[in-house]
Every structure is written in structure tokens, then in C-alpha cells.
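Descriptive structure summary
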Amino acid sequence: MLSLSKITKRFGSAVALEDVSIAFEPGSVHAVLGENGAGKTTLMRILFGLLQPDSGLITLNGLRLELRRPADAQRAGIGMVHQHFKLVEQMTVAENIVLGERASGRWLPRSAVRQRALEAARRTGLEIEPDRRVEELSVGQRQRVELLKVLQHEVSTLILDEPTAVLTPAEVEQLFAAVRALRGRGCRIIFISHKLAEVSAISDVVSVLRRGRLICTEAIGKLSPADLAERMVGERLAPSERQPGRASGEPVLELREPPLSVRRGEVVAIAGVDGNGQQELTRAIVEQAWPAHIADDRQREALVLPMNVAENAILKRHEEAEFSRCGWLRRAAIGAFAERIVREFDVRGPGIRSAVGALSGGNQQKLVVGRELSGKPTLIVAANPTRGLDVAATQFVHGRLLAARDEGAGVVLISADLDEILLLADRVLVIYAGRLTPAPPDLSGVFDASAIGRMMAGLAA
Amino acid sequence: MTAAGRQRATALAASLGAAAGGLLVMLGVVAAFGYDARDVARAFGVAVAGSWDRFAAVLLVACPLIVIGLALTLAFRCGVWNIGAEGQYLLGALGAAVAARLLARGPGVLVLSAVLAAGLAGGAVWAGVAAVLKRYRGVQEVLSTILLNFVAIQIAAIIVRGWLVDAHSADRDTTAEISAAATLSILYAPAGLHAGIVIAIGLAPLLWVFLERTTWGFRTRAVGLNPIAAGLARIPVGRFGVGTFVMSGALAGLAGAIELSGNTHYLTASYASGYGYTAIAVALLARLEPLGVIPAAIFFAALETGVRGLQKSPDPALAGFPTVLTQVAQGVVILATVMLTRTRLGGAGRAR
């Protein structure tokens, strides 16, 4: 029995995991299910020795495990196949499998490398072609190499982090066959996913995480995908004080592919699990309309970290007459503008002449929001605008978006956070595999959270 | 002290530390070679600052280093890793020599302006080749510029030996001296210090003003520090890359023209000086601050002049002093600069 008890992990002021206890039995597939940001990956990184918990215990068969680094986890028989493969593309399959192993002598002849790889393949029952270069392999084949790399050791616990994210359905079937074979040999498999159908198909037990807390651990037998969706998404009641927008009918965005239209005075929310086409959608809107844009990755897309607050405040507007005259920057006007954003949007930091990189994440985001909303935009695209923010900053950003809507802006909110969507949206579309589908209309002014959750997971509403 | 002020102070301390560290390591190596480090230090000091003549000679070497250092500062600030200043400098000098030959007679101001403009053009064209290769074929400029340096050396040699050759020269591998109208005036005759130093020192604050006070400079910096965010702010990132590259080349070419017009007055088939490479160290030690380029260039010029001075020293204990020690010191200074502080080199965007 591998047990996590009362694991808590914080990053700064944000709680990633709180008081999570799960026991993993040998010879079973145990799924850990949750939305993005629910804490799944953090939990697995702790279990693999990549992160240390702030508090809590990990025990294996009653003995306490100290997992300070991945080597400790490996010694305890814990192996992990990462979501992003860690293979050397230019090397052969056999070389990749042997890579990182202690060589028995100074020389490592090709025949020995091949032999060891084939031996590992035979033992695990995973078929490989030892002499092919990894760069020639399909994604599914690469994953098999990763799996073999882990399984050549005595592994009693195998962690699979979103293993099906990049696989075709046929490859998923092959992976599942391998997983079942491992289970038959008494291996304990931890399967991390947010895909409900796959969780139902492969696992014996499921633990659901939501916002860093364990919601439940149950045998899968009794649960339908719909039940899972409800647990993952939670019972949500939209707050009663939510003021619906007054869409004025005047469109501010007409996108042809994928079809999407947004009118003044409404928040159109695009709900979806990350990686379902949100980036492409954002790019399409940005390139067509150049809206005010609260970017998903503020440090990469919105800010120039070494530049100061004032310079970042005018990054998109430096050509306007207010801020430049005949090619010269108007320093006084820029400073005044930056001071105004800092004041109105409560950006806390060492001042407008210090680098944006010195601000905390929340204050960086407030600066971005302030900058983007300051020009009285008619169209706003906000992608996960509160990801990583604390409660106060989240409420602040939400308030500003609603205020902009009430002043007549059309807002496209792209978010993986269903709470955020339920709180802000006047209309909801679900994005799955690049396609937009309207969520069922609500009768009482409250969206059906579990229906949206099911659609986000690729199931029929 | 404000956070920004603290940052500047740390940067300054790091640069000074790197320079001092370079000198100390050089003295250590000197001692290991069996010289008395104190003798060397004293002789070195005399060679670079013993008299006004000596210091003027340092400034004479610093002049091209300042101009090229500024050229590279501009490029690096835009995220363009122009390693080809040597070639751009050479073709600038070549352009200037061609202009001086074509316009042998004419009003002085006009001839001189044409010579300097031809230097700008020569460097710009050469950087333009690499810029176009980068923009349209995706060729990394770190590779193309350094390779184009070798091409530039050969082009210059061919033209010097051919069209521009002075038929009276012994080995037929130098050009004739440029006409008096094409020369920069001499400010301090004993060291041959020319008016180019005024241009060089004047360019530094101009570049600072450009970068810090104009919208173009603002965009240049934004592109260099985060091209993705700059692109999303509708700054034409690709065009800025090309434009800054060409401007950087033009400045390096101007350095070549100034050197020809003020100092050497003729070209040889092997005119390459290494200034284009030393200037990379100058720009880095200056931490890509235009005003820092002046002291950094003087520092490296002093290193070079000082070691040359040691060799000519009347002190018999210093006979046969190895010049290669300049390069040791240069290397140490660059390494120390990069080590002591995270320079913006290669750090466009962010480290995550």
C-alpha cells in the first residue's frame, strides 16, 4: 500500500494542494481526475520526488518515504512516464532505453545495448524495434519507449501523467492493453487524466481533485462518466447577484472560422480544457480584430519584463499622439498615464520606473488588465485572466471585466475555470477538439454546470 | 536608493569588478611567466597614462572601438547578434577609400562627408546581406556574420590589389594615400589623435537618446527583450530586426571610414584589425549601455596599448614581453562580465 496522508503544498500564497490523503493499492489502476489546475500534476511531482510537500506523509507498506529527488522515488520502485517525452530523437530506441543506466564497464558495445533493450522488452511484453531512431517513430511508439525506459527497472508503482493527451484512439487502445498487463502482474498504476471516458474505461478506483482538495475516492464500478463529470466540476450555483449583460445587438466581432460573433455589452465565455484549440482561436481573433487582449501567458505575450512599468503601460499605445510626438516619447504624459493605471488598478510595486519583472504575478496581471482596459476598448479577449492569482486579485479582475462589459464592450472570456465562466458569462460556448458548441440555454438564468463539464470532457451534454 | 538605481549600481560594480579581475589575472599570468608583476604594472601604467601623449595614443585606439562598440550595442539591444562588425568595418573602410579616390578633388567638407557616408553605406550593405539571409532564409546571424567577415577580408584584398592599388607601392598591395580633403583633421599631433574621437564620443549620447527617448528606440528595445510581446503590440518585429541590423552595420562601417580618414589614410590588402571582435567585449563590458561604451573602449584600448608599450619598454627585464597576454586579459574580462551579472546576452524574453 502506497499512502499519501494529509499532503499540503503552497506556492507563495496560492494553495496547490490542501490536506490530500489517497491510498494506492497494488494490482489496480487508480485514476486521479481533475480539471486543469486542480493539483494533479503537483501531487504526482511530489510522489516522484520532484517537489517536497509543505506538510504530510508518504508511506509505502507502512514505512515512511523521504522523497527528496527522483532517484529516491526510483529506489522505492516508483516510475513515472511524463506527459512530455524525454527522449533523444537522434538516438536509436535501444540507445534511449539504456541511456542513463550505469554502464557495467568502460565500454558499451552496440550489441550489448541492443541486448539489454530487447531483454527489457521481452520481460515487459512491450514490442519495440531497437534499431530505429526515435525521430522516425510515431507518438505512440515513442511513448512505448518511455514506458520501457521506466519498466526495465523493478517498478511497483507506475505514474502515467496524461498519457493519452497526444495519442490516436488506436494507440490509446494499445497503451491500455499494456496497462492491463502490468496490473495483472501486480503493479500499481496511477493514471492522471481529465478525460472522463478513458478514466471509466481503464481504472478500478478514481480520486477526484478540485482546486487542490480531494473530493472523493471511489470504486469506478458504480460511477458513470456523467457522475465523474459532476464530481470533477462540482455542484455550482451561479451567484444570485450576477447581473446579466445587456447585449445591444451591435456586433463587435464576426469570426468566420471557427464561427463566433460577439455583440456589445455581453460576455461570451469559451469553456474548455486546455489544448482544445484555445490558442488558435485567440490568435484568429487577435489577428482579425486586434482587440484589447489579456493574454494567457502574461510574461511571454503581454509584458516585457526587463522594461519598467511605465514602458509596459504604453507598449501597445506608444505611437498614439498622447505618448509620442514626431518620434519622441512624451515622458511626462507616459509617466502620468502609468501612474493613473497603477492607482486605478491597484498595481503594487516599487514604482513606475522599476522593472515589471520585479512585480508579483498578481500585480503584473493587474498592470496588463489596466493597460488593456484603459483605452475604452470595444472588444476584449481575456484568456485565463485570473490563472495563478489570489482571491482578491481574481475578484478585482472579474469586477473590471464586468465593468468594461457594462460600459459597452464585448468580452470574449476564454477559460478553463468553470467557476469563472459561470460567474461572468452571458453566453457559454464549449471548445472541444477545436470546435465550438453552444452550451444548452439556461432556463432560470443559471447555467447547467454539469452539462458544461460533460461537454468540456468531450461527452454529449 | 530606488530599485532601478540599485540595479544600475550593481551593474556598474560588476563591470568594474570584471575589468579589475581581468587586470589581476593578467598580472598573475605575467608573474607565472617569470616577470616581476610590480615592474610590469608600473611599466604598464606609464605606457597608458604616463603622459598626455601616451593617453592620446590610447584614445586613438579607443576611437574605432567606441564606434563599433556602439554599433554592437544597438544590434544587441534589438536581439540581433551581429558578430560581423569586423567585416562591416572593413567594407566601410573600403567604401570610404573608393569615395576618396573618386572625389579626389573637391571642396573639403563635401569630400569628407562623402567619404564618411560611403563608410556608412559599405557597412550597411554588408550587414544587409546577413539581415536578408536571416529574414528570408532563416540563417542565424551569429553564423552568417562571422563567415561574411572572411568574405569581406578577401573582397577588400582583391579590390586593394586591383582597382585601388597604388602602382608605386613596393608589393602592389596598398592603396595610395587619400587626398588631404578626405582626411579628418588632427587634434593632437604628437599622438596622431584625430577629430574622429569627437565623433565617437558624441555618438554615445546620441545612441542613448535614440534608445531611451524616441519611439523607434523604444520599439527596438521591446523587440530585443521580448519579440513575442512586441509582435502582439503590433510592432513589426521582422522589419525592426532588419533595420537595426543594417543600422548597426552602417555604424561599424562608419568606424572603418573614420579610421581610414583620420588615422591610416590608406588601405592595405591585410587591413583587418580585430577591432570588430574586441568591440564585442567592449559592448558586453559596457552592459549594452551606450554611455558605458566609452570607458569600456578606453579600457580595452589601454590594455592593447599598454602591452605594446611593455614590449618597447627600455627596461631589459621586460624584453620579449608576450602580446598574447592582451588576449588573456580580454578573455578574462568577458568571462567575468558574463559571470558576475546575467547580461542580456541571449536572454531575450525570460528565463523560465
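Residues numbered from 1 in each chain as written. Chains lettered and ligands numbered in written order. Predicted model: local features only at pLDDT ≥ 70, side-chain atom pairs only at ≥ 80, totals over all residues. Heavy atoms only, no water.

If you tally the helices and strands in chain B, you get 13 helices and 2 strands. Relative to a compact globule of 352 residues, whose C-alpha radius of gyration would be 20 Å, chain B shows 21 Å and is just as compact. Referenced to the eigenvectors of the C-alpha coordinate spread, the extents of chain B come out at roughly 65 × 50 × 30 Å. In chain B, which comprises 352 residues, the share counted as buried stands at 52%. Counting contacts in chain B only where the partners sit at least 6 residues apart, residues at least 24 apart contribute 77% of the total. (Helix = DSSP H or I, 4+ residues; strand = E, 2+ residues; numbered from the N terminus. Rg over C-alpha atoms; globule rule 2.2 N^0.38 Å. Buried < 20%, exposed > 50% of the residue type's maximum accessible area, 1.4 Å probe, protein only. Contact = heavy atoms within 4.5 Å.)

Grouped together as the largest cluster of nonpolar side chains are 172 residues, with contacts concentrated most on A:Ile380, A:Ile452, B:Leu65, B:Ile66 and B:Phe300. Counting residues per element, this core draws most heavily on helix 3 (residues 52-77) of chain B, at 17 residues. Counting the residues that make up this core, at least three belong to each of domain 2 (239-291 + 377-461) and domain 3 (308-376) of chain A. Setting aside its immediate chain neighbours within four residues, B:Ile66 contacts B:Ile197, B:Ala200, B:Ile201, B:Val293, B:Ile294 and B:Ala297. Judged by nonpolar contacts, the second largest core, of 47 residues, contains A:Leu148, A:Val150, A:Leu158 and A:Met232. (Core = buried A, V, L, I, M, F, W, Y, C linked by side-chain atoms within 4.5 Å. Domains from an automatic or database assignment.)

When pLDDT is averaged along chain A, the result is 86, and 94% of the positions lie at 70 or above. The lowest-confidence element of chain A is helix 8 (residues 225-233) of chain A, averaging 76 in pLDDT; the highest-confidence one is helix 11 (residues 309-313) of chain A, averaging 95. (pLDDT = per-residue confidence, 0-100.)

Take the interface of chain A and chain B next. With 26 residues of chain A at the interface, the matching set in chain B holds 22 residues. Summed over both sides, the interface of chain A with chain B buries roughly 2,400 Å², with 65% coming from carbon and sulfur. Where chain A meets chain B, there are 2 salt bridges. Linking B:Arg219 and A:Glu319 is a salt bridge whose minimum nitrogen-to-oxygen distance equals 3.5 Å. Where chain A touches chain B, the interface holds 8 residue pairs in polar contact (both at pLDDT 80 or more). (Buried area = accessible area lost by both parts, 1.4 Å probe. Salt bridge = Lys/Arg side-chain N within 4 Å of Asp/Glu carboxyl O. Polar contact = N/O pair within 3.5 Å; in protein donor to acceptor, adjacent residues only side chain to side chain.)

The subject of this paragraph is the packing of aromatic side chains. Tallied over the entire structure, the rule returns 7 aromatic pairs over all chains. With a centroid separation of 5.9 Å and 70° between ring planes, the pair formed by A:Phe176 and A:Phe191 is classed as edge-to-face. With A:Phe176 in helix 6 (residues 169-184) and A:Phe191 in strand 8 (residues 188-193), the pair connects residues that are 15 residues apart, well separated along the chain. With relative accessibility at 2%, the residue A:Phe176 sits in the buried group. Given the relative accessible area of 0%, A:Phe191 is considered buried. On the numbers, 5.3 Å between centres and 75° between planes, the contact of B:Phe299 with B:Phe300 is edge-to-face. Residue classification places B:Phe300 among the buried residues on the basis of a relative accessible area of 0%. Its guanidinium or amino end placed over the ring of A:Phe345, A:Arg400 lies 4.2 Å from that ring's centre, counting from NZ or CZ. (Phe/Tyr/Trp six-rings, centres within 6.5 Å; stacked < 30°, edge-to-face > 60°. Lys NZ or Arg CZ within 6 Å of the ring centre and 35° of its normal.)

With that settled, the discussion passes to the sheet that holds strand 10 (residues 213-219) of chain A. All names here are of chain A. Sheet architecture is open: 6 strands sit in the order 6-7-8-3-9-10, paired in mixed fashion. The open sheet has two edge strands, strand 6 (78-81) and strand 10, and neither has a second partner. Ignoring strand direction, the axes of neighbouring strands in this sheet form an average angle of 20°. Two elements, strand 6 and strand 7 (residues 157-161), share 4 bridges in a ladder whose sense is parallel. Note that in strand 7 the partner of valine 81 across the bridge is leucine 160. Those strands touched by helix 1 (residues 40-47) are strand 3 (29-33), strand 6, strand 7, strand 8 and strand 9 (205-210), and its axis lies near 150° from that of strand 8. Each of strand 3, strand 9 and strand 10 touches helix 8; the most contacted strand, strand 9, lies at about 30° to it. (Pairing = 2+ DSSP bridges. Axes fitted to C-alpha atoms, helices over the stretch in contact; angles between N-to-C directions.)

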